[in-house]
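Spelled out, the chains give:
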Amino acid sequence: MTEKIKILYHTDKIDKLEYIDGKSDWIDLRAAENVVMKQFEFKLIDLGISVQLPEGYEMIIAPRSSTFKNFGLIQTNSIGIVDESYCGRDDVIKMPALAMRDTEIRVNDRICQFRILKHQPTIEFEEVEDLERKSRGGFGSTGKQ
């Protein structure tokens, strides 16, 4: 079943949201404003949209793999979570960004991406004395290559 998500564009200067066929099911988000940032400056970068998610869904926002290389930006909350309650006209999606070098972002530059997921199901935790499966070797055990 295809879910419908209502989207309000606050500008006509950015491309409409779309899948990049054959590459990913993540969807790119674009800067809706020109931004000039100095090294170590923080800014909420306007992404030009508001969304109304269906009940029981959330939007996960993460930087694109090229965001740091191209713009020197780190998304300060690592990933962003937008739930279905953030759904009004004034609930504009933004990227909280920290510039690690002087940088310039132009309107319509792709700076982050998102996907829509169902909320995690209710989970019951069962305390045990041991786990039955074989250990993989701990944190960092797969090596560098």
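Parameters at a glance
- Residues numbered from 1 in each chain as written.
- Predicted model: local features only at pLDDT ≥ 70, side-chain atom pairs only at ≥ 80, totals over all residues.
- Heavy atoms only, no water.
- Helix = DSSP H or I, 4+ residues; strand = E, 2+ residues; numbered from the N terminus.
- Rg over C-alpha atoms; globule rule 2.2 N^0.38 Å.
- Buried < 20%, exposed > 50% of the residue type's maximum accessible area, 1.4 Å probe, protein only.
- Areas by Shrake-Rupley, 256 points an atom, 1.4 Å probe, with all protein chains shown as cover.
- 1 Å grid on protein atoms, 1.4 Å probe; cavity = no way out; pocket = protein on both sides within 12 Å on 5 of 7 lines; lining within 4 Å.
- Points joined across faces, edges and corners; volume = space filled by probe spheres on them.
- Nonpolar A, V, L, I, M, F, W, Y, C, P; charged D, E, K, R; others polar.
- Pairing = 2+ DSSP bridges.

Novice: Would you take a moment to explain the overall build of the chain for this structure?
Specialist: Within the chain one finds one helix and 11 strands. Starting at the N terminus and walking to the C terminus, you meet the elements of the chain as β-β-β-β-β-β-α-β-β-β-β-β. Relative to the 2.2 N^0.38 estimate, which gives 15 Å for 145 residues, the radius of gyration of the chain is 19 Å and therefore markedly larger than a compact globule would have. Principal axes of the C-alpha set define a box for the chain whose edges measure 55 × 40 × 30 Å. By residue count, 32% of the 145 residues in the chain fall in the buried class. For the chain, the computed accessible surface area is about 10700 Å², with 48% contributed by carbon and sulfur atoms.

Novice: Looking at this structure, how should I read empty space enclosed by the protein?
Specialist: Summed over the entire model, instances satisfying the criterion amount to one cavity of 30 Å³ or more. As for the largest cavity, its lining consists of Tyr 9, Ile 14, Asp 15, Leu 17, Leu 29, Arg 30, Leu 47 and Ile 49. Among the residues forming the lining of the largest cavity, the class breakdown is six nonpolar, no polar and two charged.

Novice: What is the right way to read the pairing of strand 2 (residues 27-30) from this model?
Specialist: The side chains of a regular strand alternate, first on one face of the sheet and then on the other. Here strand 2 shows two buried faces, one formed by Ile 27 and Leu 29 and the other by Asp 28 and Arg 30. As defined by bridge partners, strand 2 adjoins strand 11 (residues 110-118) across four bridges and the pair is classed as antiparallel. For Arg 30, the partnering residue across the bridge sits in strand 11 and is Arg 110.

Novice: Explanation requested: the layout of surface pockets in the structure shown.
Specialist: Space left empty within the atom packing is revealed by a probe, the size of a water molecule, rolled over the atoms. Of the voids in this model, the largest pocket is the one considered here, and its volume is about 400 Å³. For the largest pocket, the lining is made up of 16 residues, of which Ile 5, Tyr 19, Ile 27, Phe 114 and Ile 116 are closest to its centre. Of all elements in the fold, only strand 1 (6-9), strand 6 (57-63) and strand 11 reach the threshold of two or more residues within the lining of the largest pocket. Residues that form the lining of the largest pocket fall into these classes: 11 nonpolar, no polar and five charged. Space inside the second largest pocket adds up to approximately 170 Å³. Taken together, 13 residues make up the lining of the second largest pocket; nearest its centre are Ile 61, Ile 81, Val 82, Tyr 86 and Lys 94. Listing elements by their share of the lining of the second largest pocket, those giving two or more residues are strand 8 (80-83) and strand 9 (94-99). Top contributing element to the lining of the second largest pocket by residue count: strand 8, with four residues. Class assignment for the residues of the lining of the second largest pocket results in eight nonpolar, three polar and two charged.

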